[in-house]
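Coordinates in review
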Amino acid sequence: TAVKEFTKGYAAANMDNLAFEAGISKGLIFHYFGSKKGLFLFLLKYCAEIMDEEYSKVILKDRDFLENVRIVSKLAIEMTFRFPDMYAFIGKAVFSINQVFPEGLPKDLPNSNQKLLEKILEISDKSLFRDDISIEKAQNIALWTIRGFSDSLLRYGSDIKVYQNNFDDVMQELEEYIDVLKKLLYK
């Protein structure tokens, strides 16, 4: 219920509505979470743990760096269909995190993306990269490109349905970026 309420955005999320929909008292929410901000942080951690669990299931058999980046990126995109409320929440949360946490996000927030990235970097076959470029720089260029692509998906706004309606286009665009990166960075 809280995830759905916060899909309206942090400022628009109403604790009275949340309590009513959940069938509990507003005081009970504040007893367990301390504040609206506390509940918001709990939800961020909850969603991060779900993502962490899903990413932990990824088996990277291929030693091709860009292929593994593609697999993980595709999984992230596909998870929007399996967890629509969670991604709708995250979509809205992205726009308010700096406002809610001007001091920055707490350090104990799980970062499954970082763990998976480290795994990809560890198993990657460095011999696939061109000899005339720095492997580290090539990997950074690829990661920055995919991160930029991911950030560009904010053009769909925070309405998860709009994003899902454009799924095929998003997947095609991802494949095109991976193909370009392979042509630029690999032998």
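So, here's what we can say about the structure. (Residues numbered from 1 in each chain as written. Predicted model: local features only at pLDDT ≥ 70, side-chain atom pairs only at ≥ 80, totals over all residues. Heavy atoms only, no water.)

Description of the packing of helix 5 (residues 65-82) against helix 10 (residues 167-185)
Convention followed: Axis lines are fitted to C-alpha atoms, over the contacting stretch for helices. Their N-to-C directions set the angle, which ranges from 0 to 180 degrees. Only DSSP runs of H or I with at least four residues qualify as helices, and only runs of E with at least two residues qualify as strands; both kinds are numbered from the N terminus onward. Working definition: roughly parallel below 35 degrees, roughly antiparallel above 145 degrees, roughly perpendicular at 65 to 115 degrees, and oblique for all remaining angles. Contact definition: two residues touch when any of their heavy atoms are within 4.5 Å. For this classification, the nonpolar set comprises Ala, Val, Leu, Ile, Met, Phe, Trp, Tyr, Cys and Pro, the charged set comprises Asp, Glu, Lys and Arg, and every other residue, Gly included, is treated as polar.
Helix 10 packs onto helix 5 with a crossing angle of 170 degrees between their chain directions and a minimal axis gap of 11 Å. Taken as axis vectors, helix 5 and helix 10 run roughly antiparallel relative to one another. Residue-level inspection shows Leu66, Glu67, Val69, Arg70, Ser73, Lys74, Ile77, Glu78 and Phe81 of helix 5 in contact with helix 10, the latter providing Phe167, Val170, Met171, Leu174, Glu175, Ile178, Leu181 and Lys182. Its residues assigned to classes, the contact of helix 5 with helix 10 comprises 10 nonpolar, 1 polar and 6 charged.

A closer look at the pattern of salt bridges
To be explicit about the condition: A carboxyl oxygen of Asp or Glu within 4 Å of a side-chain nitrogen of Lys or Arg is what we treat as a salt bridge. Accessible area is worked out with a 1.4 Å probe on protein chains only. A residue is then buried under 20% of its type maximum, exposed over 50%, and partly exposed in between.
A full pass over the atoms with the stated rule returns 13 salt bridges. Note that Lys37 and Glu103 form a salt bridge whose closest N and O atoms lie 3.5 Å from each other. Highlighted residues: Lys37 in helix 4 (residues 36-56) and Glu103 in the loop between helix 6 (84-100) and helix 7 (112-123), separated in sequence by 66 residues. Judged by relative accessible area, Lys37 falls into the partly exposed class, the value being 32%. For Glu103, a relative accessible area of 56% translates into the label exposed. Salt-bridge contacts for Lys57 lead to Glu54; the nearest nitrogen and oxygen are separated by 3.2 Å. Classification of Glu54 as buried rests on a relative accessible area of 9%. The network of salt bridges with shared partners includes Asp64, Glu67, Arg70, Glu175 and Lys182.

Regarding the packing of aromatic side chains
Condition: Classification of ring pairs uses Phe, Tyr and Trp, with its six-membered ring standing for Trp, and accepts pairs whose centres are within 6.5 Å; under 30 degrees between planes counts as stacked, over 60 as edge-to-face, and the remaining range as tilted. Each ring is checked for a lysine NZ or an arginine CZ that lies within 6 Å of its centre and within 35 degrees of its normal; such an atom marks a charge sitting over the ring.
All told, the structure shown has 11 aromatic pairs when counted by the stated rule. Put simply, the rings of Phe6, Tyr10, Phe40, Phe89 and Phe101 pair up and form one aromatic cluster. The cationic tip of Lys36 hangs over the ring face of Tyr10; the distance from NZ or CZ to the ring centre is 4.8 Å.

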